[in-house]
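The lines below spell out each chain.
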Amino acid sequence: MDERERPAFKLSIASKIVTVVERLEKRGYEFDRSNTLDIMSLFAELELFEKSTDLEETWCDDEEFVSKLKEIMVNSSLSLHDLIRLRPEEAAKQLKHKNYIELANKLSDLPESYQEACAVHLCEIISRGFFWPWALDAFYELQRYQLPILCCEMIIANLQNEDLYNICLYPDYWHPYFHRQKLVMALYEYLRAYIFMFECIRTYSQLTARWAQPSPGGVDDFTFGAVLAGQG
């Protein structure tokens, strides 16, 4: 197996990349979208993105694996089992990047069939804070600032980091690291996303217009289903 394909390497390198980014920011370096995409492209090149959204459900079905997760301690008060259930922002409060580097050496204690999935899941947690703000800005720009920022946050909240990366790619689709085939796929996905956003905007406009009009007799006969059905 190539060194870059090993789960321990993936977790370790993801942690080191994010550490370097944070140190540069603390020293006053200001990233722009171009060099941010350069960094994000490393995650794609090294296959550090999580592909599945239901890994935790799969893990819960394997009692032996769950037991092993509970045995591996990330720090004095947090097990690996606890960690994979935390939201990224909560994990960031409890762990430092050196904890992940130390944890990388413990992945070999897990059943081999789960090591890769566990490593990329942890990579997802580590790097979420880096991908999120850039993707949010790009998404806000993508829909031409028509939706409130809170709505944008809700729409992309459950997306994985690879999806956030693709959102960041859209405004700069001539980026040199973005191959033609990936460009076509990204444009196709965002055409679908744009149609969805258009429907959100239309529904939002109908809702606000309907709420602004008092109902006859003081009784509100508005139904959300009617708006969605185009009857509002």
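Residues numbered from 1 in each chain as written. Predicted model: local features only at pLDDT ≥ 70, side-chain atom pairs only at ≥ 80, totals over all residues. Heavy atoms only, no water.

> Describe in detail the overall build of the protein chain, supporting the description with residues and values.
Within the protein chain one finds 12 helices and 0 strands. Counting helices and strands in the order they occur from the N terminus, the protein chain gives α-α-α-α-α-α-α-α-α-α-α-α. For the protein chain, the residues scored as buried account for 39% of the 232 residues in total. Sequence separation of at least 24 residues holds for 68% of the intrachain contacts in the protein chain that already meet a minimum separation of 6. (Helix = DSSP H or I, 4+ residues; strand = E, 2+ residues; numbered from the N terminus. Buried < 20%, exposed > 50% of the residue type's maximum accessible area, 1.4 Å probe, protein only. Contact = heavy atoms within 4.5 Å.)

> Now, about the packing of helix α2 (residues 33-45) against helix α10 (residues 161-169): what can you tell me, with residues and values included?
Orientation of α2 relative to α10, taken along the N-to-C sense of each, is 145°, at an axis distance of 10 Å. Here α2 and α10 pass one another in a crossing that is left-handed. When α2 is examined against α10, the residues R33, L37, M40, S41 and A44 are found in contact with a partner set consisting of Y165, C168 and L169. The residue inventory of the contact of α2 with α10, partitioned by class, reads 6 nonpolar, 1 polar and 1 charged. (Axes fitted to C-alpha atoms, helices over the stretch in contact; angles between N-to-C directions. Left-handed = near helix turned anticlockwise from the far one by under 90°. Nonpolar A, V, L, I, M, F, W, Y, C, P; charged D, E, K, R; others polar.)

> Residue-level account of the packing of aromatic side chains, with values.
Applying the stated criterion to the full structure yields 7 aromatic pairs. Judged by centre distance (5.2 Å) and plane angle (85°), the rings of F43 and F131 are edge-to-face. One end of the pair, F43, is in helix α2; the other, F131, is in helix α8 (residues 112-142), with 88 residues separating them in the sequence. The exposure class of F43 is buried, given its relative accessible area of 0%. Between F130 and F131 the ring centres are 5.5 Å apart and the planes differ by 80°, which places this aromatic pair in the edge-to-face class. Given a relative accessible area of 9%, F130 falls into the buried group. What makes F131 buried here is its relative accessible area of 0%. (Phe/Tyr/Trp six-rings, centres within 6.5 Å; stacked < 30°, edge-to-face > 60°.)

> With reference to specific residues and values, describe the nonpolar core.
By size, the foremost hydrophobic cluster in this structure holds 51 residues, and its most contacted members are F43, L80, L83 and L122. For this core, the elements supplying multiple residues, two or more each, are α1 (7-26), α2, α4 (63-71), α5 (80-85), α7 (97-104), α8, α9 (149-156) and α10. In terms of residue count, α8 provides more of this core than any other element does, 14 residues in total. Residues contacting F43, with those up to four places away along its chain left out, are A14, I17, V18, L48, F49, S127 and F131. (Core = buried A, V, L, I, M, F, W, Y, C linked by side-chain atoms within 4.5 Å.)

> Explain the confidence of the model for the protein chain to me, and be specific about the residues and the numbers.
With 69% of its residues at a pLDDT of at least 70, the protein chain reaches an overall mean of 77. In this model, residues 173-181 is a region of pLDDT below 50 whose contacts with residues beyond four sequence positions or in other chains number 11 contacts. (pLDDT = per-residue confidence, 0-100.)

> Can you explain the side chain of K10? Please cite residues and give values.
Note that K10 resides in helix α1. For K10, the side chain forms a polar contact with the side chain of E116, separated by 2.7 Å. (Polar contact = N/O pair within 3.5 Å; in protein donor to acceptor, adjacent residues only side chain to side chain.)

> Outline the packing of α2 against α8, listing residues and values.
Viewed as axis vectors pointing N to C, α2 and α8 meet at an angle of 130°, and their least axial separation amounts to 12 Å. Considering their axes alone, α2 and α8 lie oblique with respect to each other. Seen along the crossing, α2 lies across α8 with a hand that is left-handed. Counting all contacts with α2, which are made through R33, T36, I39, M40 and F43, the residues of α8 involved are S127, F130, F131, W134, D137, A138 and E141. Across the contact of α2 with α8, the residue classes tally to 7 nonpolar, 2 polar and 3 charged. (Parallel < 35°, antiparallel > 145°, perpendicular 65-115°, else oblique.)

> Outline the pattern of salt bridges, listing residues and values.
Summed over all chains, the structure comprises 6 salt bridges. A salt bridge links E141 to R33, with the shortest nitrogen-to-oxygen separation between them at 3.2 Å. Note that E141 is positioned in helix α8 and R33 in helix α2, a separation of 108 residues in sequence. Overlapping salt bridges bring together K10, E47 and E116 as one network. (Salt bridge = Lys/Arg side-chain N within 4 Å of Asp/Glu carboxyl O.)

> How would you sum up unusual backbone geometry? Please name residues and give values.
One non-glycine residue, E47, lies in positive phi territory at about 60°. As for its placement among the helices and strands, E47 is situated in the loop between α2 and α3 (55-60). The class of E47 is exposed, set by a relative accessible area of 52%.

> Can you break down a nonpolar patch on the surface residue by residue, with the values?
Together, V20, L24 and Y29 make up a nonpolar patch on the protein surface, roughly 260 Å² of accessible area in all. Relative to the elements of secondary structure, L24 occurs in helix α1. (Patch = residues over 30% accessible without salt bridge, like charges linked within 9 Å, V, L, I, M, F, W, Y side chains within 5 Å. Areas by Shrake-Rupley, 256 points an atom, 1.4 Å probe, with all protein chains shown as cover.)

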